[in-house]
Amino acid sequence: MKTTKQERYLFHDMQKHPENYSAEHTEAMMDMLDETPNVELAWHRFESKHNHTSIFVRLPWMRQVAVLAVGLLLSGVVYAISVAVGWLPNIFAENKTQVQTATTDTLTPQASASTQDEETEVRTFDNVPLIDILDEMAESYGVKVAFDNDDVQNVRLYYQWDRSTSLDDNIAMLNAFKHIHIELQDNLLTVK
Amino acid sequence: MKRKEIERLFRQHYAKMYRVARTLLYDGQESEDVVSDIFENLLNGKTVLLPKDEEAYLMTSVRNMCFKRLRHEEVKRNSQSLIAMEQEDEDEDERLADIIEFVVAHLSAQEQRIFHLRFTDGNSYEEIALSEGISKVAVWKHISHLINEIKNHFYPHTL
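Attention in this report is confined to the structure presented alongside it. (Residues numbered from 1 in each chain as written. Chains lettered and ligands numbered in written order. Predicted model: local features only at pLDDT ≥ 70, side-chain atom pairs only at ≥ 80, totals over all residues. Heavy atoms only, no water.)

### Quick look at the overall build of chain A
For chain A, the helix and strand inventory stands at eight helices and six strands. Reading the helices (α) and strands (β) of chain A from amino to carboxyl end gives α-α-α-α-α-α-β-β-α-β-β-α-β-β. Counting all 192 residues of chain A, 31% fall into the buried class. Here the contacts in chain A between residues at least 6 apart in sequence split such that 50% fall between residues at least 24 apart. Carbon and sulfur atoms provide 56% of the accessible area of chain A, an area that totals close to 12,600 Å². (Helix = DSSP H or I, 4+ residues; strand = E, 2+ residues; numbered from the N terminus. Buried < 20%, exposed > 50% of the residue type's maximum accessible area, 1.4 Å probe, protein only. Contact = heavy atoms within 4.5 Å. Areas by Shrake-Rupley, 256 points an atom, 1.4 Å probe, with all protein chains shown as cover.)

So this is what it looks like as structure tokens:
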């Protein structure tokens with residue numbers, strides 16, 4: 001919170017002339033200065049400023065589900081409006097046959113949306129399970145993947161993979177995520 | 001320094017560093033910026049810290065950065081040019097190294113202890129009062145006195 005000039009002046013005056021202020025005023029000022037900051041919030045601010053990875057995965061899973069549900073709902077509403085006003089074609093009307101013949105695989109939620117910028121060699125994994133990210137990276141760097149901890153296989157991440165960076169650098173970036181600990185030894189990536 | 005290491009240091013030391021910054025700068029946002037800048041420097045730089053030196057390094061850094069900000073404010077208030085400010089910056093590091101010497105030479109034994117309790121260990125006013133067996137208001141007066149002494153000596157034109 002940004003303070004006003006007057007507040008700052010009061011603080012400096014209280015330091016310069018403590019004898020001019022009552023014990024009550026002084027104690028109130030000390031309590032304010034000793035207020036415990038929200039370290040978690042400060043870390044998230046710092047991290048979002050310096051990390052290209054999303055803080056989404058750090059949310060409790062129920063909140064992740066809620067965020068995804070709201071996101072899907074909103075995109076559905078936006079799509080419906082766009083179809084109604086004629087900005088977008090109605091893909092459901094045109095592809096009815098395809099939906100009827102679709103396999104069960106296509107009915108499972110496919111939140112993953114990975115894109116690749118050919119020019120910058122940056123591949124963006126948007127809400128993709130860790131196992132898929134590591135499989136793709138392992139293939140590219142010529143190593144194998146093993147999961148000691150199966151629980152994290154399906155943790156979904158937003159991650160920007162710059163193919164021009166080393167595998168070690170990418171492991172360091174991924175290890176910055178909570179609950180993810182990857183080690184590379186003898187061409188084997190082990191997720192602990 | 002590795003990101004994971006930065007996160008550990010941040011979570012472990014942020015609250016105390018922020019407290020020191022607020023004692024000198026008062027402004028919450030400015031204090032947050034100072035502490036974040038220190039971790040940013042660690043993240044982007046090549047500094048390696050030994051575990052035993054971590055806390056001392058971080059607390060000294062926050063104290064020094066706050067004094068630098070106060071110095072910049074002073075220069076701005078006196079309408080000195082930016083070039084002058086940059087030139088003064090070179091002398092600033094030496095000046096900051098002298099603060100501890102000044103504390104030892106010019107402050108009473110009790111104020112030296114209080115200085116370290118607040119600015120090296122990041123203790124709260126209440127913790128210092130308990131440790132010294134004096135009232136919180138007395139702690140405030142001691143800290144105010146020692147800050148005034150430091151400012152008058154090193155930054156005579158600061159508010």
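### Observations regarding the sheet that holds strand E5 (residues 182-185) of chain A
Residue and element names in this part refer to chain A. Taking strand neighbours across the sheet as the criterion, the three strands line up as E3-E6-E5 in an open arrangement whose pairing is mixed. Two strands close off the open sheet at either side, each with one partner strand: strand E3 (144-147) and E5. Here the strands of the sheet are splayed against their neighbours by 25 degrees on average, with no regard to which way each runs. Here E5 runs beside strand E6 (residues 188-191); their pairing, made up of four bridges, is antiparallel. Within E6, the residue paired with Glu183 across the bridge is Thr190. Helix H7 (residues 130-141) rests against E3, E5 and E6 of the sheet, and its axis sits at about 155 degrees to E3. Across the sheet, helix H8 (residues 167-175) lies against E5 and E6, angled at about 160 degrees from E5, the strand it touches most. (Pairing = 2+ DSSP bridges. Axes fitted to C-alpha atoms, helices over the stretch in contact; angles between N-to-C directions.)

### Re the packing of aromatic side chains
Two aromatic rings, taken as a pair, are described by how far apart their centres are and by the angle between their planes. If you walk through the whole model with that rule in mind, you get 11 aromatic pairs over all chains. Grouped by ring-pair contacts, the aromatic residues Trp43 and Phe46 of chain A together with Phe10, Tyr14, Tyr18 and Phe39 of chain B constitute a single cluster. Its end group placed over the ring of Tyr26 of chain B, Arg22 of chain B keeps NZ or CZ at 5.6 Å from the ring centre. Positioned above the aromatic ring of Tyr125 of chain B is the side chain of Arg118 of chain B, whose terminal nitrogen or guanidinium carbon lies 4.0 Å from the ring centre. (Phe/Tyr/Trp six-rings, centres within 6.5 Å; stacked < 30°, edge-to-face > 60°. Lys NZ or Arg CZ within 6 Å of the ring centre and 35° of its normal.)

### Here's the deal with the side chain of Asn170 of chain A
Residues and elements named next belong to chain A. Tracing the chain through its elements places Asn170 in helix H8. The exposure class of Asn170 is buried, given its relative accessible area of 3%. Ignoring sequence-local partners within four residues, the contact set of Asn170 consists of Met137, Tyr141, Tyr159, Trp161, Asp162 and Thr165.

### Considering the packing of helix H5 (residues 109-119) of chain B against helix H6 (residues 125-132) of chain B
Residue and element names in this part refer to chain B. Put simply, H5 and H6 touch, their axes get as near as 10 Å, and they point 145 degrees apart. As H5 packs across H6, the resulting crossing turns out to be right-handed. Where H5 approaches H6, its residues Gln110, Arg113, Ile114, Leu117 and Arg118 are matched on the opposing element by Tyr125, Ile128, Ser131 and Glu132. Of the residues assigned to the contact of H5 with H6, the class counts are four nonpolar, two polar and three charged. (Left-handed = near helix turned anticlockwise from the far one by under 90°. Nonpolar A, V, L, I, M, F, W, Y, C, P; charged D, E, K, R; others polar.)

### Some remarks on the nonpolar core
Counting residues in each nonpolar core, the largest one holds 53 residues, and the members touching the most others are Phe39, Val62 and Ile150 of chain B. Not counting chain neighbours up to four residues away, the residues in contact with Val62 of chain B comprise Met17, Val20, Ala21, Val34, Val35 and Ile38 of chain B. Membership of the second largest hydrophobic core comes to 19 residues, among which are Leu130, Ile133, Ile171 and Ile180 of chain A. (Core = buried A, V, L, I, M, F, W, Y, C linked by side-chain atoms within 4.5 Å.)

### Remarks on the pairing of E6 of chain A
Remark: a regular strand shows side chains that alternate across the two faces of the sheet. Residue and element names in this part refer to chain A. Relative to E6, E3 is paired through four bridges, and the arrangement is parallel. By the bridge assignment, Phe147 is partnered in E6 with Val191. Counted between consecutive antiparallel strands, the loop separating E5 from E6 contains two residues, among which Asp186 sits at a positive phi close to 50 degrees.

### Focus on the pattern of salt bridges
What the rule picks out here adds up to 18 salt bridges over all chains. A salt bridge links Arg45 of chain A to Glu32 of chain B, with the shortest nitrogen-to-oxygen separation between them at 2.5 Å. Residue Arg45 of chain A is located in helix H3 (residues 39-50), and its partner Glu32 of chain B is located in helix H2 (residues 28-44); the two belong to separate chains. Take Arg45 of chain A: its relative accessible area is 42%, and that puts it in the partly exposed class. Its relative accessible area of 14% is what places Glu32 of chain B among the buried residues. (Salt bridge = Lys/Arg side-chain N within 4 Å of Asp/Glu carboxyl O.)

### Things to note about the side chain of Asn123 of chain B
Residue and element names in this part refer to chain B. Along the polypeptide, Asn123 turns up in the loop between H5 and H6. When its relative accessible area of 16% is taken as the criterion, Asn123 is described as buried. Not counting residues within four places of it along the chain, the set of residues in contact with Asn123 comprises Arg19, Leu117, Arg118 and Ile128.

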